[in-house]
Amino acid sequence: MSSEPIIRTENLTHLYSEGLSSEVAAIHNINIEIMQGEILAIIGHTGSGKSTLIQHFNGLLKPSTGRVFVDGKDIWESKQATRESRFKVGLCFQYPEYQLFEESVYKDIAFGPKNMGLDENETGIRVRRAAAFVGVDDDMLERSPFDLSGGEKRRVAIAGVMAMEPKVLVLDEPTSGLDPRGRDMVLDLIGNYRRQTGNTVILVSHSMEDVARLATKVLVMNDSQIAMCGSVEQVYSQGTLLYEMGLNVPQITRIFMGLRSHGIDVNDGVFTVEQGRNEIARLLKSRGVQK
Amino acid sequence: MIRDITIGQYFFGKSFIHKMDARMKILISLFFIILIFLCKNFFSLGLVAAFTVFILSISKIPFKLILKSLKPIIIIVVFTAFLNLFYTKGGKTLYEFWVFEITLKGVYSAIFMAVRIICLVAGTSLLTYTTTPTSLTNAIESLLSPLKRLHVDVHTFAMMMTLALRFIPTLIEEIDRIMSAQKARGADLESGGLVKRARALIPIFIPLFVSAFRRAYELAYAMECRCYNGGKGRTSMKKMHFTYRDGVAFAVIALLTAGIFILNFNIRAVI
């Protein structure tokens, strides 16, 4: 990890309906530093400003006040810098399958790289690489995106952003509306992508389970401001505080908290089912249950 | 921004205008358009402008919102004003350069046109601002009901119109979302020549059509699930009634019309 943050914001504030009586701050005075190689999860209830925040990272929204730096460069410094930030920070919106429009999957994934001005050859390489990440095979590349299933469409749309090979991949609710299998697939591909490329991933999510599985750092938004920021353990141990913000710790954590309050000596820092299984196994072993 | 378009939206309120019968509002709106074009001089147009300001203020729709709704037509207003400024000849010449000549009459007609368009848009958009889509359909259906004798399916027509109005804000939101998504993939919508710009719209419009069709199907299923089967034998829970408000509105419009005619033709006699 380099010491220079890949994304940094400075007193970032965004007002909607600026100047009108209905003026509201969607995000207020946000200062964050996101490091190279992190998987940062942004959580918060609906309307807490998550989506507004991420749209500042690639210059889709202009800050009312404050500044955004990508790779050490102010993205509103020049038109050129704003455009560059689009490709450095790849943003994949919620329900990205509704942005598909080309006649073949290949062409749709190639839309981003082509906009970057890459030649046919380089575009082809990137499309195939992104397709491999999301598990889209050559056969599927020739099909129409409108003939795919919901989960497949979702993965194709994510590949469309990955193909720009951004330094930071931002995904807004990438698993919403998917069945458990589709969800696992998307979460796995995000993890694999991070491991193989070493790029930063920012994940906006409602699901505390998803976050626990992937994130290296968690940012909690509440009332347009940053409420908490830290490791999964640090944030998830604040159960009551999260609850007050309309959030909750994962189901498995609640079970272990319950066990503990019933006097069973378990570690309640359990956030995924796998950790839970290991903890139970440890407990059984320590009690000498080895029948 | 695209979200600034407020045409077709309804704003909750309890004003005199909100409570008027929707049929009366439609008729008055249509008549108002005619009245605006009947104005022949600044006196009668001034009266119409004053009337527009009056109805806007009693509707209690926030003034800023009305200004916002006028934003998209600024270009049309300015363009029309400019054309009139340069092409209307007559009266004292105020300014001259090269082939252009600005005359006093040109200035007058530029202002006249601008005021006329603004009154037209501000006055008529009040109809949808103060009337819910449901009462708008009922009113259209009721007003067109004489056509039923000619075997015109008035109910379906009215329902289609309402649905179209209802979906304007939804589709605007949708366009906004799709535009952001494609911009995030580096789509450039703001530069290049006409052909390039037209091509840049493809990634916006295809997803928009796809989602419009999807919504249409969903809506049709939802309507069927609630046993909608067209207008046959359909009665309404809330009957529309003309009240004293509509009588007052009618009287006001009659006075306005009289005023316009007097100011148009007998301006000397009045003064």
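Residues numbered from 1 in each chain as written. Chains lettered and ligands numbered in written order. Predicted model: local features only at pLDDT ≥ 70, side-chain atom pairs only at ≥ 80, totals over all residues. Heavy atoms only, no water.

A. Quick peek at the overall build of chain B. What chain B contains, in helices and strands, is 12 helices and 2 strands. The secondary structure elements of chain B, listed N-terminal to C-terminal, are α-α-α-α-α-β-β-α-α-α-α-α-α-α. Here the C-alpha coordinates of chain B stretch approximately 70 × 55 × 40 Å along the principal axes. For chain B, with 271 residues in total, the buried portion stands at 38%. A total accessible area of about 16,700 Å² is found for chain B, and carbon and sulfur atoms account for 71% of it. (Helix = DSSP H or I, 4+ residues; strand = E, 2+ residues; numbered from the N terminus. Buried < 20%, exposed > 50% of the residue type's maximum accessible area, 1.4 Å probe, protein only. Areas by Shrake-Rupley, 256 points an atom, 1.4 Å probe, with all protein chains shown as cover.)

B. Structural context of the overall build of chain A. Summing up its helical and strand segments, chain A has 12 helices and 11 strands in all. Relative to a compact globule of 291 residues, whose C-alpha radius of gyration would be 19 Å, chain A shows 21 Å and is just as compact. Once local pairs closer than 6 in sequence are excluded, the contacts in chain A between residues at least 24 apart make up 63%. Positive and negative charge centroids in chain A, built from 32 and 38 side chains respectively, lie 3 Å apart. (Rg over C-alpha atoms; globule rule 2.2 N^0.38 Å. Contact = heavy atoms within 4.5 Å. Lys, Arg positive; Asp, Glu negative; His and termini not counted. Charge placed at Lys NZ, Arg CZ, Asp CG, Glu CD.)

C. Quick look at unusual backbone geometry. Residues and elements named next belong to chain B. Phi angles above zero are rare outside glycine, and Lys60 is one such case at about 60 degrees. Checked against the element boundaries, Lys60 lands in the loop between helix 3 (42-59) and helix 4 (63-70). Positive phi values are uncommon outside glycine, yet His151 reaches one of about 65 degrees. Here His151 is to be found in the loop between helix 7 (133-144) and helix 8 (154-184). The exposure class assigned to His151 is exposed, which follows from its relative accessible area of 76%.

D. The interface of chain B and chain A, seen in detail. Listed by partner, the interface residues are 17 residues for chain B and 22 residues for chain A. In total, about 1,700 Å² of surface goes out of reach between chain B and chain A, with carbon and sulfur atoms giving 62% of it. Summed over the three residues of chain B that lose the most area to chain A, namely Lys64(B), Ala184(B) and Arg185(B), the buried surface amounts to 38% of that side. There are 1 salt bridge connecting chain B and chain A. Across the contact surface, chain B and chain A share 4 residue pairs in polar contact (both at pLDDT 80 or more). (Buried area = accessible area lost by both parts, 1.4 Å probe. Salt bridge = Lys/Arg side-chain N within 4 Å of Asp/Glu carboxyl O. Polar contact = N/O pair within 3.5 Å; in protein donor to acceptor, adjacent residues only side chain to side chain.)

E. Here's a closer look at the pattern of salt bridges. Applying the stated criterion across every chain, the model contains 22 salt bridges over all chains. One salt bridge connects Glu10(A) with Arg8(A), and the closest N-O pair in it is separated by 3.4 Å. Between Asp21(B) and Arg23(B) there is a salt bridge, and its shortest N-O distance comes to 3.1 Å. As far as burial versus exposure is concerned, Asp21(B) and Arg23(B) are alike and both buried. Three or more residues are tied together by salt bridges with common partners; here these are Arg8(A), Glu10(A), Arg67(A) and Asp74(A).

F. Spotlight on the packing of helix 3 of chain B against helix 6 (residues 104-130) of chain B. Residue and element names in this part refer to chain B. For the pair helix 3 and helix 6, interaxial distance at closest approach is 10 Å and the crossing angle is 30 degrees. In terms of orientation, helix 3 and helix 6 fall into the roughly parallel class. Relative to helix 6, helix 3 is oriented so that their crossing is left-handed. Where helix 3 abuts helix 6, its residues Phe42, Leu45, Ala49, Thr52, Ile55, Leu56 and Ser59 lie against Tyr108, Ile111, Phe112, Val115, Arg116, Cys119, Ala122, Gly123, Leu126 and Thr130. Of the residues assigned to the contact of helix 3 with helix 6, the class counts are 12 nonpolar, 4 polar and 1 charged. (Axes fitted to C-alpha atoms, helices over the stretch in contact; angles between N-to-C directions. Parallel < 35°, antiparallel > 145°, perpendicular 65-115°, else oblique. Left-handed = near helix turned anticlockwise from the far one by under 90°. Nonpolar A, V, L, I, M, F, W, Y, C, P; charged D, E, K, R; others polar.)

G. Region of the structure containing the confidence of the model for chain A. In the predicted model, chain A carries a mean pLDDT of 89, and the fraction of residues at 70 or more is 97%. Least confident of the elements in chain A is helix 10 (residues 239-244) of chain A, whose mean pLDDT is 86; most confident is strand 8 (residues 168-172) of chain A, at 95. (pLDDT = per-residue confidence, 0-100.)

H. Representation of the pairing of strand 4 (residues 39-43) of chain A. All names here are of chain A. Across the 5 residues that make up strand 4, a large majority, 5, are buried. Here strand 4 shows a buried face lined by Ile39, Ala41 and Ile43 and a second buried face lined by Leu40 and Ile42. When strand 4 meets strand 9 (residues 200-205), the two strands line up parallel, connected through 5 bridges. Across the sheet, residue Ala41 finds its bridge partner in strand 9, namely Leu203. (Pairing = 2+ DSSP bridges.)

I. Examining the sheet that holds strand 4 of chain A more closely. Residue and element names in this part refer to chain A. Pairing is mixed across the open sheet formed by 6 strands, whose spatial order is 7-8-9-4-10-11. Since the sheet does not close on itself, it has two edges, and those belong to strand 7 (89-92) and strand 11 (225-230), each with one partner. Neighbour-to-neighbour, the strand axes of the sheet open up by a mean angle of 15 degrees, direction not taken into account. On top of the sheet, helix 1 (residues 50-57) reaches strand 4, strand 7, strand 8, strand 9 and strand 10 (217-222); it is set at about 140 degrees to strand 4, its chief contact. Against the sheet, helix 2 (residues 79-88) touches strand 7 and strand 8, its axis set at about 65 degrees to strand 7.

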